[in-house]
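Each chain, letter by letter, is given below.
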Amino acid sequence: MKNKKTGLVFFPAFDWAISPTHPEREERLLYTRDQIFEEGVLDLPEIEEYAPRLATIHDIARVHFCVPRVQSQVTEAHLIAAGSATLLADAIVHGELKNGFALVRPPGHHAMRVVHGNRGFCNINNEAILVEYLRRHHGIKRIAIVDSDVHHGDGTQDIFYHDPDVLFISFHQDGRTIYPGTGFPNELGGPGAYARTINIPLPPGLGDETFHYVVDNLILPILEDFKPEFIINSAGQDNHFTDPLGSMRFTARGYAEFTRKLNPHLAVLEGGYAIETALPYVNLAILLALAGHDYSYVREPEWPGTMPENPERVARVQRVVEQLRNVWENRDRVDLDKIFGTGTFFQRRKHIYYDTDYIEEEQLERVRRCPNCPGYITIDSRADHGYGHPSRVFCVSIPFTACGTCQTEAYDAYEQARGLVQYQFVYLQDKSTDTFLAFDQDKAQEWVSEGPRVGE
Amino acid sequence: MYIGIDVGGTCTDAVLLDRGLVRAMAKVPTREDLLSSLLEALDEIMKGVEGELVERVVFSTTVITNLIAEKKYDPVGLILMPGPGLSPSLYRFPTDTHIIQGAIDYRGREIIPLRLTEVDQAAAELAARGYRKVAVVGKFSCRNHRHEKEVAARVLWNYPDWHVELGHQVAGQLNFPRRVVSTYLTCATREKYQFFVRSVQEAISQRGIKGAIFILKADGGTLPLESSLEVPVETIFSGPAASTLGVQALTPPGETAVVDIGGTTTDLALILSGQPLLASRGARVDDMLTHVRALAVKSVPVGGDSVVERVGKDIIIYSERLGAPYCLGGPLPTPTDALRVLGLTRLGDADRAREAMQMLGAPLGLSVAEVASRVTTRVIETITREIEAMFSRWEQEPAYRVWEVLQKKKVRPSTVVGVGGGAAGFVSQIAARLGCYPVIPPYAPVANAIGAAVARPTLQVTLRADTEQGFYIILEEGYQGKITERSFNEENALELAKEWLCKRAARHGLEDCVEGLEVTRREVFNMVRDWVTVGRLIDVTVQTRRGILYHVGAGGTSE
């Protein structure tokens with residue numbers, strides 16, 4: 001029986017909400033609880049429920065630059081959601097489970113590397129925390145994240161944009177019609193991680209059939225080539241035909257079939273705000289699919305049967321699929337200098353809007369084009385909260401597999417920024433040694449977080 | 001004066017308590033005819049005591065457990081309305097199962113209507129196969145029982161003499177498969193249990209006892225015998241609950257591991273902050289999962305009479321019993337023989353005990369004392385491991401709120417309390433391994449009967465209100481009522497639940513225990529649609545105080 005079970009952490013956070021009437025509130029997983037409990041699925045021998053646990057501050061610091069510090073951006077609920085994902089991952093890596101579902105709140109896929117506040121209902125990125133945790137604690141290198149939320153997983157994309165070992169695939173409703181307005185096929189990753197980011201925008205109103213065309217003809221073949229050691233599904237459920245925020249027409253069964261085909265190690269709940277008409281059914285169907293059970297009897301009350309697709313839109317999707325397959329197949333043959341230029345640093349300016357907290361952020365991100373490693377990253381970030389002076393911080397991130405030169409240069413960059421008064425905080429995130437530094441300019445004080453050693 | 005009687009598998013134990021002091025106790029063998037053992041035990045403790053002085057009699061019994069284990073009941077057919085969800089092929093119920101159309105959702109709304117022709121067909125097929133008893137259960141019937149009632153009415157219209165049992169009347173909690181099993185077992189045992197209850201009432205009144213008669217439930221609460229007719233299955237597994245309550249009555253409050261070492265099994269239970277720990281889900285009955293609330297009890301298949309054998313270079317303790325220990329004339333060595341050799345018990349013949357150890361140890365070149373200590377160590381290790389596992393399992397219970405996750409703390413027992421025949425020899429070493437104080441309370445051999453005698457009557461009422469749809473449900477009664485006030489809130493819900501509890505108490509003749517009500521669950525969810533609060537879901541559970549009436553042996557001071 002070993003290795004046959006599906007692990008579940010169900011953490012509905014019944015005492016946590018963004019605000020009383022916000023879609024991300026206490027009630028969100030209430031009906032899912034009722035459905036799962038009433039079905040008796042937790043009594044099935046193939047499903048094992050785990051008690052949640054908290055992620056550590058250090059687990060967060062390994063991924064995010066929280067301004068001014070981790071504790072000011074996360075609540076305990078965030079730590080529990082992220083910790084639950086790492087808890088299940090531990091059990092999967094240790095062979096106790098074949099796969100798992102972190103059915104948790106709050107979600108995280110809009111949270112970027114730098115965190116000034118909440119955007120898209122997210123503060124910290126549960127999947128990204130999981131990836132860095134898997135690398136640090138279990139030595140897993142190649143990881144794929146497939147984001148099935150109706151919104152582009154822009155936070156996850158941002159965090160792994162220059163990471164060649166993390167494949168990020170997101171399909172979502174076309175960004176011209178929905179928050180956050182990004183996720184187009186030309187966003188393919190930085191110079192060191194070209195085509196490790198794949199975005200598939202879908203025209204609104206698309207149903208299961210075309211969704212599975214994308215899965216079969218693009219997502220699964222790419223995954224097969226990439227050969228990830230670990231697959232994570234950012235399981236957003238707002239592509240459902242009843243979702244109030246999205247305009248797609250996927251069904252619970254469509255989601256379950258996708259789960260079966262993708263066969264992820266771990267699904268982590270993201271969005272999905274049709275709390276009565278979709279979530280109870282989609283969550284149940286995904287859980288059954290993970291456990292290898294028949295999900296064909298799961299049917300939402302308003303199930304419309306098969307829906308005719310608009311041929312013009314289907315053709316559009318087919319063209320995108322073809323274009324991206326082409327990109328993927330030629331990824332090692334393209335001239336990166338032509339795309340990214342020939343400088344030592346590749347840099348991009350970003351404007352980031354925090355829709356929940358109304359923060360405007362301006363970023364200058366620079367990544368060193370290094371022949372020996374993915375290169376260190378610096379971010380100069382200025383956030384305007386709409387009151388008082390904007391806060392400005394400088395962040396340096398050293399990748400897990402950094403070379404000696406990049407590491408030395410990165411520490412120099414940190415030291416240099418410490419001397420510049422325009423930065424209120426200066427951060428250094430050294431993933432290669434699992435060390436994090438933060439410097440408070442006003443107090444002229446440095447914090448260090450070294451975290452637990454491997455194996456502790 | 002209170003009487004407690006525990007009708008166990010091998011012995012029937014009884015005590016007579018007089019204001020917290022044990023006045024008489026008895027231990028008689030349990031015979032096939034439970035009633036005669038019950039009466040014999042009763043007569044023994046009542047020597048010279050007028051029946052009229054007895055205020056209450058509480059007993060725990062295996063009668064339902066045995067009925068189910070031996071399948072001594074009439075066949076029961078199932079008519080189910082599972083609606084969409086899990087594949088029906090995952091349900092494996094041990095009888096003829098008919099699945100018909102019709103579905104209710106989690107808020108009690110009809111999503112698929114019934115088709116009465118399917119009801120007729122299912123009933124006709126059951127009739128053709130000789131069934132006269134049927135359990136009717138729908139998914140989410142605890143949120144709306146309309147379909148169940150319609151199906152039952154239709155079945156009874158066709159077959160007026162059938163016995164039909166409805167899911168929502170048996171179990172109000174969520175979990176459809178467990179509700180099916182609970183309803184099935186209730187339907188199966190009701191008639192036989194009724195017969196049993198009548199004969200007990202008859203026998204006790206013959207002895208001139210006019211006090212109230214109660215029966216212990218698996219969750220450690222008692223019910224008036226008459227009321228237990230409604231919920232026969234809840235009287236299952238009351239034995240372990242009895243000894244746990246006995247320990248609670250005989251020891252000071254705290255974190256305690258209860259170790260009841262019997263002949264073939266050892267039952268473990270936990271008392272945390274002075275209250276026995278309830279299992280988070282319903283009990284497993286005859287390998288089926290039910291909704292029966294029970295104390296968290298772990299039965300470990302090792303006891304004083306377990307068979308010990310040498311296999312190769314190893315000494316193994318088996319989970320079976322093949323008669324008495326060797327020192328008491330049995331056929332094979334047992335842990336009791338090991339205890340005898342080590343001087344930890346005075347049971348049986350010392351020479352025969354040494355002989356038993358000799359048989360085991362000679363081929364391995366081990367001395368009699370070495371073998372004996374190896375055997376006892378094995379037993380102690382097994383039990384210690386299980387106690388640790390129980391505490392970890394308790395810590396691993398899922399939590400659905402932030403504060404629940406944060407308040408979880410590591411709790412470990414401070415005392416290990418031993419009851420039952422084999423306790424004396426093992427408990428001090430088990431306690432030592434766990435870093436606890438060992439306790440063998442006075443009257444340990446009849447702790448179970450004491451537990452029964454002092455168990456409190458329990459009643460609970462769970463109210464669920466849906467203010468958007470304007471109705472409320474009393475889960476335990478299967479009642480659905482309308483909410484008329486527009487401003488119905490949490491406080492109103494609580495008041496209403498208390499009213500229902502008082503009504504329920506009056507019906508069971510338990511008016512006294514409504515004092516000191518406890519609110520065990522209180523949940524309110526605002527239902528927001530399009531950024532506007534359209535209603536509230538309110539869940540409230542109130543219950544009478546759980547636990548024991550008083551501690552025993554300390555002069556009978558009240559709690």
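Cut-offs and rules
Residues numbered from 1 in each chain as written. Chains lettered and ligands numbered in written order. Predicted model: local features only at pLDDT ≥ 70, side-chain atom pairs only at ≥ 80, totals over all residues. Heavy atoms only, no water. UniProt positions renumbered as here; feature names shortened; annotations may be inferred. Pairing = 2+ DSSP bridges. Helix = DSSP H or I, 4+ residues; strand = E, 2+ residues; numbered from the N terminus. Axes fitted to C-alpha atoms, helices over the stretch in contact; angles between N-to-C directions. Expected span 1.5 Å × (residues − 1). Buried < 20%, exposed > 50% of the residue type's maximum accessible area, 1.4 Å probe, protein only. Contact = heavy atoms within 4.5 Å. 1 Å grid on protein atoms, 1.4 Å probe; cavity = no way out; pocket = protein on both sides within 12 Å on 5 of 7 lines; lining within 4 Å. Points joined across faces, edges and corners; volume = space filled by probe spheres on them. Nonpolar A, V, L, I, M, F, W, Y, C, P; charged D, E, K, R; others polar. Salt bridge = Lys/Arg side-chain N within 4 Å of Asp/Glu carboxyl O. Core = buried A, V, L, I, M, F, W, Y, C linked by side-chain atoms within 4.5 Å.

- Per an unreviewed UniProt entry, chain B carries the name N-methylhydantoinase A/oxoprolinase/acetone carboxylase beta subunit and comes from Desulfofundulus luciae.

- Looking up chain A in an unreviewed UniProt entry gives the name Acetoin utilization deacetylase AcuC-like enzyme, with the organism given as Desulfofundulus luciae.
- Here is the UniProt Sequence similarities (unreviewed entry) comment for chain A, exactly as written: "Belongs to the histone deacetylase family."

A closer look at the sheet that holds strand 11 (residues 345-354) of chain A
Residue and element names in this part refer to chain A.
Inference 1: The mixed open sheet is built from seven strands, whose spatial order is 11-12-13-14-15-16-17. Edge positions in the open sheet fall to strand 11 and strand 17 (445-449), since each of these has one partner strand only. Taking the axes of each pair of neighbouring strands and ignoring which way they run, one obtains an average angle of 15 degrees across the sheet.
Inference 2: Pairing between strand 12 (residues 359-368) and strand 13 (residues 377-384): eight bridges, direction antiparallel. Along strand 13, the bridge assignment pairs Leu364 with Asp380.

Observations regarding the UniProt feature "domain: Hydantoinase/oxoprolinase N-terminal" (unreviewed entry) in chain B
Inference 1: In the numbering used here, UniProt assigns the feature "domain: Hydantoinase/oxoprolinase N-terminal" (unreviewed entry) to residues 3-153 of chain B.
Inference 2: Structurally, residues 3-153 of chain B comprises 26% helix and 30% strand, and the distance from its first C-alpha atom to its last is 43 Å.

Focus on helix 12 (residues 423-434) of chain B
Residues and elements named next belong to chain B.
Inference 1: Taking 1.5 Å per residue as the helical rise, helix 12 with its twelve residues ought to reach 16 Å, and the 16 Å between its terminal C-alpha atoms agrees with that figure.
Inference 2: Ala423, Gly425, Phe426, Val427, Ile430, Ala431 and Leu434 are the residues of helix 12 that are buried.
Inference 3: Each element contacted by the buried residues of helix 12 is listed here: strand 13 (256-261), helix 8 (335-341), helix 10 (368-395), strand 21 (415-419) and strand 22 (437-439).
Inference 4: Gly435 lies just past helix 12 and shows a positive phi near 70 degrees.

Comments concerning empty space enclosed by the protein
Inference 1: According to the stated counting rule, one finds six cavities of 30 Å³ or more in the structure shown.
Inference 2: Estimated volume of the largest cavity: approximately 170 Å³.
Inference 3: Listing elements by their share of the lining of the largest cavity, those giving two or more residues are helix 5 (126-138), helix 6 (154-160) and strand 14 (391-398) of chain A.
Inference 4: Within the lining of the largest cavity, the residues separate by chemical class into seven nonpolar, four polar and seven charged.
Inference 5: Each pocket or cavity is described by its volume, and for the second largest cavity that value is around 50 Å³.
Inference 6: Lining the second largest cavity are A:Gln35, A:Tyr281, B:Pro82, B:Gly83, B:Pro84, B:Ala103, B:Ile104, B:Asp105, B:Ile111, B:Lys139 and B:Phe140.
Inference 7: Per-class residue counts for the lining of the second largest cavity are seven nonpolar, two polar and two charged.

As for the pattern of salt bridges
Pairing between side chains becomes possible if they bear opposite charge and their charged atoms approach one another.
Inference 1: Under the definition given, this model contains 74 salt bridges over all chains.
Inference 2: For the salt bridge of A:Glu39 with B:Lys139, the shortest nitrogen-to-oxygen distance reads 2.6 Å. Placement of A:Glu39 in helix 1 (residues 30-39) and of B:Lys139 in the loop between strand 9 (133-138) and helix 4 (146-158) is noted, with the two residues assigned to different chains. Of the two residues, A:Glu39 and B:Lys139, neither departs from the other in class, the shared state being buried.
Inference 3: Salt-bridge contacts for A:Lys350 lead to A:Glu365; the nearest nitrogen and oxygen are separated by 3.2 Å. One end of the pair, A:Lys350, is in strand 11; the other, A:Glu365, is in strand 12, with 15 residues separating them in the sequence.
Inference 4: Residue A:Lys350 is classed as buried on the basis of its relative accessible area, which comes to 11%.
Inference 5: For A:Glu365, a relative accessible area of 1% corresponds to the buried category.
Inference 6: A network of salt bridges, in which partner residues are shared, links A:Arg25, A:Glu27, A:Glu276, B:Asp105, B:Arg107, B:Arg109, B:Asp466, B:Glu468 and B:Arg529.

Here we look at the UniProt feature "domain: Hydantoinase A/oxoprolinase" (unreviewed entry) in chain B
Inference 1: Those places that UniProt annotates as "domain: Hydantoinase A/oxoprolinase" (unreviewed entry) correspond, in this numbering, to residues 179-458 of chain B.
Inference 2: Within residues 179-458 of chain B, the helical portion is 41% and the strand portion 19%, while the C-alpha atoms at the span's ends are 21 Å from each other.

Considerations on the nonpolar core
Inference 1: Counting residues in each nonpolar core, the largest one holds 175 residues, and the members touching the most others are A:Val41, A:Ile200 and B:Ile3.
Inference 2: Tallying contributions element by element places helix 6 (residues 176-206) of chain B first for this core, with 13 residues.
Inference 3: With 48 residues, the next largest nonpolar core counts A:Tyr50, A:Val115, A:Leu134 and A:Val268 among its residues.

Notes on the layout of surface pockets
All names here are of chain B.
Inference 1: The computed volume of the second largest pocket comes to approximately 490 Å³.
Inference 2: Glu32, Leu34, Val63, Asn66 and Lys72 are, among the 18 residues lining the second largest pocket, the residues nearest its centre.
Inference 3: Elements represented by at least two residues in the lining of the second largest pocket include exactly helix 1 (34-45), helix 2 (63-69) and helix 6.
Inference 4: Tallying contributions element by element places helix 6 first for the lining of the second largest pocket, with four residues.
Inference 5: Its residues placed into classes, the lining of the second largest pocket shows six nonpolar, six polar and six charged.

Digging into the pairing of strand 1 (residues 6-11) of chain A
Residues and elements named next belong to chain A.
Inference 1: With six of its six residues buried, strand 1 lies for the most part within the structure.
Inference 2: Along strand 1, one buried face is formed by Thr6, Leu8 and Phe10 and the opposite face, lined by Gly7, Val9 and Phe11, is buried too.
Inference 3: Pairing geometry for strand 1 and strand 4 (residues 99-104), over six bridges, is parallel. Residue Thr6 lies in a different strand from strand 4, and its bridge partner there is Asn99.
Inference 4: As paired elements, strand 1 and strand 2 (residues 47-49) share three bridges and run parallel to each other. When the bridges of strand 2 are listed, Leu8 appears paired with Glu49.

Digging into the interface of chain A and chain B
Inference 1: Of the residues lining the interface, 47 residues belong to chain A; the matching set on chain B comes to 49 residues.
Inference 2: Applying the counting criterion to the chain A and chain B interface returns eleven salt bridges.
Inference 3: In this structure, B:Arg281 engages A:Asp43 in a salt bridge whose closest nitrogen and oxygen atoms are separated by 3.1 Å.
Inference 4: Secondary structure elements with two or more residues in the side of chain A that touches chain B: strand 1, helix 1, helix 4 (76-93) and helix 9 (279-290) of chain A.
Inference 5: Looking at the side of chain A that touches chain B, the element that brings in the most residues is helix 1 of chain A, giving eight residues.
Inference 6: The residue inventory of the side of chain A that touches chain B, partitioned by class, reads 27 nonpolar, six polar and 14 charged.

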